[in-house]
Amino acid sequence: MDTKKSTQRFSLLGAWKLTTADKSLSYAFPEIIEFKEKNTYSVAGKEGAYHPILDGGWYEYNTSRKELAINTANDAIKKYALREKGDSLTLLENDKVLAAYVKEK
């Protein structure tokens, strides 16, 4: 019997599907966000959907601080705290959940 613990490292890379989002925000999170190698990301959603904050570009993921810095549609840098667990990813700001995603298979 193998007594080694199965340890699966969290990876931000890949496509993530939106499961919940804070409806009180003045902007919408994209339905799909894909984090790629070389620190780039792209978004997808319903045809004609407008995502004024996250529209594709670059990102930086600080694994020790669990923080995602991501450039926005207006070239600002938005920072989110991340809560990661298995195949789920939650974006937070001031301990408030803004959006949750699940990794697409």
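Residues numbered from 1 in each chain as written. Predicted model: local features only at pLDDT ≥ 70, side-chain atom pairs only at ≥ 80, totals over all residues. Heavy atoms only, no water.

A closer look at the pattern of salt bridges
Alright, step 1. Under the counting rule described, the total for this entry stands at five salt bridges.
Alright, step 2. Lys 96 is paired through a salt bridge with Asp 22; the nearest N and O atoms lie 2.8 Å apart. Residue Lys 96 is located in strand S8 (residues 96-103), and its partner Asp 22 is located in the loop between strand S1 (14-21) and strand S2 (32-36); the two are separated by 74 residues in the primary sequence.
Alright, step 3. Taking the shortest distance from any N to any O, the salt bridge between Lys 105 and Asp 87 comes out at 2.3 Å. On the criterion of sequence distance, the pair formed by Lys 105 in the segment after S8 and Asp 87 in the loop between strand S6 (77-85) and strand S7 (88-93) is long-range, its members being 18 residues apart.
Alright, step 4. The exposure class of Lys 105 is exposed, given its relative accessible area of 87%. (Salt bridge = Lys/Arg side-chain N within 4 Å of Asp/Glu carboxyl O. Helix = DSSP H or I, 4+ residues; strand = E, 2+ residues; numbered from the N terminus. Buried < 20%, exposed > 50% of the residue type's maximum accessible area, 1.4 Å probe, protein only.)

Things to note about the pairing of S8
Alright, step 1. Alignment of S1 against S8, held across five bridges, turns out to be antiparallel. From the neighbouring strand, Thr 20 faces S8, where its bridge partner is Ala 100.
Alright, step 2. Sheet topology places S7 next to S8; six bridges connect them, and they run antiparallel. Each residue of the ladder has a partner; that of Thr 90, found in S8, is Ala 100. (Pairing = 2+ DSSP bridges.)

Observations regarding the sheet that holds S8
Adjacent strands of a sheet form backbone hydrogen bonds with each other and so pair up, either parallel or antiparallel.
Alright, step 1. Ordered by their spatial adjacency, eight strands build a closed barrel running S1-S2-S3-S4-S5-S6-S7-S8, and the pairing between neighbours is antiparallel. Going from strand to strand, the sheet's axes swing by 35 degrees on average, the running direction of each strand aside.
Alright, step 2. Summarising the sheet, strand S4 (residues 57-62) and strand S5 (residues 67-71) pair through four bridges and their orientation is antiparallel. Paired with Tyr 61 across the strands is Leu 68, a residue of S5. (Axes fitted to C-alpha atoms, helices over the stretch in contact; angles between N-to-C directions.)

Focus: the side chain of Thr 90
Alright, step 1. Along the polypeptide, Thr 90 turns up in strand S7.
Alright, step 2. Taking the relative accessible area as the measure of exposure, Thr 90 reaches 11% and is therefore buried.
Alright, step 3. If near-sequence neighbours (up to four positions away) are discounted, Thr 90 is found in contact with Ala 81, Leu 82, Arg 83, Val 97, Ala 99 and Ala 100. (Contact = heavy atoms within 4.5 Å.)

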